[in-house]
Amino acid sequence: MNFIVAVDKNWAIGYKNNLLVSIPEDMKFFRETTTGKVVIMGKNTLESFPNKKPLKNRVNIVIALEKDYKVEGATVVYSIEEALEEAKKYNTEDVFVIGGGSIYKQMLPYCDTAYITYINHEYAADTFIPNLDEMQDEWYLAEESEENTYFDIEYFFRTYKRK
């Protein structure tokens, strides 16, 4: 299983249920990487999307705490365990965890590859994920792109692999 996320220097991923910044190339990378695949997310992540609708051309698995939560076009589950069970129906390489913060933290032990857009900037944030650079016993940086820029923002596409 994989996870895909954009982080700032402090491994922050969001503020008030929004992304820290929207970089067109990062959005394109996300779209190209996850289209035709399975995405696992929490309810808040789903509700941060336009019209609160599941992502098109993907199998959407949404983890919700409310047992009566339903959403058209998605499979709703009510625990990490149920999400993992649902994900077993698909090729593990085609499953992507896409947020939010608590979902990343809980799903990290089940992931082998992390696609990180590393933004060389510090933002005001309230949601963070574990810093894989500080988890060298478990993860290593397998690949890093050349530096990219969007206006004055420097960023890199990184791939981490579990050891």
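Up top you'll find the structure we're talking about.
Scope of this entry: the structure provided in the associated data block.

### Notes on the overall build of the chain
Then comes step 1: When helices and strands are tallied, the chain shows 4 helices and 12 strands.
Then comes step 2: In terms of overall size, the chain behaves like a compact globule, its C-alpha atoms giving a radius of gyration of 15 Å where 163 residues would be expected to give roughly 15 Å.
Then comes step 3: Over its C-alpha atoms, taken along the principal directions, the chain stretches across nearly 45 × 35 × 25 Å.
Then comes step 4: Per element, the accessible surface of the chain, about 9,100 Å² overall, is 47% carbon and sulfur.
Then comes step 5: Taking the 19 positively charged and 27 negatively charged side chains of the chain as two groups, their mean positions are separated by 6 Å.

### Considering the layout of surface pockets
Then comes step 1: In this model, the largest pocket occupies a volume close to 1,100 Å³.
Then comes step 2: Class assignment of the residues belonging to the lining of the largest pocket gives a composition of 19 nonpolar, 15 polar and 6 charged.

### Re the pattern of salt bridges
Then comes step 1: Applying the stated criterion across every chain, the model contains 8 salt bridges.
Then comes step 2: Its salt-bridge partner being Glu 66, residue Lys 43 comes within 3.1 Å of it at the nearest N-O pair. Here Glu 66 lies in the loop between β5 (59–63) and β6 (75–77) and Lys 43 lies in helix α2 (residues 43–47), a separation of 23 residues in the sequence.
Then comes step 3: Its relative accessible area of 18% is what places Lys 43 among the buried residues.
Then comes step 4: Several salt bridges share partner residues, and in doing so they unite Asp 133, Glu 144 and Arg 158 into one network.

### Remarks on the packing of aromatic side chains
Then comes step 1: Per the counting criterion, the structure on display carries 8 aromatic pairs.
Then comes step 2: Plain terms: the ring middles of Phe 3 and Trp 139 are 6.3 Å apart, the flat faces sit at 85° to each other, and that makes the pair edge-to-face. On the criterion of sequence distance, the pair formed by Phe 3 in strand β1 (residues 2–7) and Trp 139 in strand β10 (residues 139–144) is long-range, its members being 136 residues apart.
Then comes step 3: Accessibility expressed as a relative area gives 3% for Phe 3, which makes it buried.
Then comes step 4: A relative accessible area of 2% places Trp 139 in the buried class.
Then comes step 5: Each ring, one from Phe 96 and one from Tyr 115, has its centre 6.0 Å from the other, and the planes form 35°; the classification is tilted. Of this pair, Phe 96 sits in strand β7 (residues 95–99) while Tyr 115 sits in strand β8 (residues 113–119), and the two are 19 residues apart along the sequence.
Then comes step 6: By relative accessible area, Phe 96 is classed as buried at 3%.
Then comes step 7: One aromatic cluster is present, formed by Phe 29, Phe 96, Tyr 115, Tyr 155 and Phe 157 through successive ring pairs.
Then comes step 8: We note Arg 158 situated over the ring of Tyr 118; from NZ or CZ to the ring centre the distance is 4.0 Å.

### Examining empty space enclosed by the protein
Then comes step 1: In total, this model carries 1 cavity of 30 Å³ or more according to the counting rule given.
Then comes step 2: Its volume calculated, the largest cavity comes out at about 60 Å³.
Then comes step 3: Together, Ala 6, Val 7, Asp 8, Ala 12, Ile 13, Leu 19, Leu 20, Val 21, Asp 26, Met 27 and Ile 119 line the largest cavity.
Then comes step 4: Listed by contribution, the elements that provide at least two residues to the lining of the largest cavity are β1, β2 (12–15) and α1 (24–34).
Then comes step 5: For the lining of the largest cavity, the residue count by class is 9 nonpolar, no polar and 2 charged.

Calculation rules
Residues numbered from 1 in each chain as written. Predicted model: local features only at pLDDT ≥ 70, side-chain atom pairs only at ≥ 80, totals over all residues. Heavy atoms only, no water. Helix = DSSP H or I, 4+ residues; strand = E, 2+ residues; numbered from the N terminus. Rg over C-alpha atoms; globule rule 2.2 N^0.38 Å. Areas by Shrake-Rupley, 256 points an atom, 1.4 Å probe, with all protein chains shown as cover. Lys, Arg positive; Asp, Glu negative; His and termini not counted. Charge placed at Lys NZ, Arg CZ, Asp CG, Glu CD. 1 Å grid on protein atoms, 1.4 Å probe; cavity = no way out; pocket = protein on both sides within 12 Å on 5 of 7 lines; lining within 4 Å. Points joined across faces, edges and corners; volume = space filled by probe spheres on them. Nonpolar A, V, L, I, M, F, W, Y, C, P; charged D, E, K, R; others polar. Salt bridge = Lys/Arg side-chain N within 4 Å of Asp/Glu carboxyl O. Buried < 20%, exposed > 50% of the residue type's maximum accessible area, 1.4 Å probe, protein only. Phe/Tyr/Trp six-rings, centres within 6.5 Å; stacked < 30°, edge-to-face > 60°. Lys NZ or Arg CZ within 6 Å of the ring centre and 35° of its normal.

In short, geometric facts, not functional conclusions.
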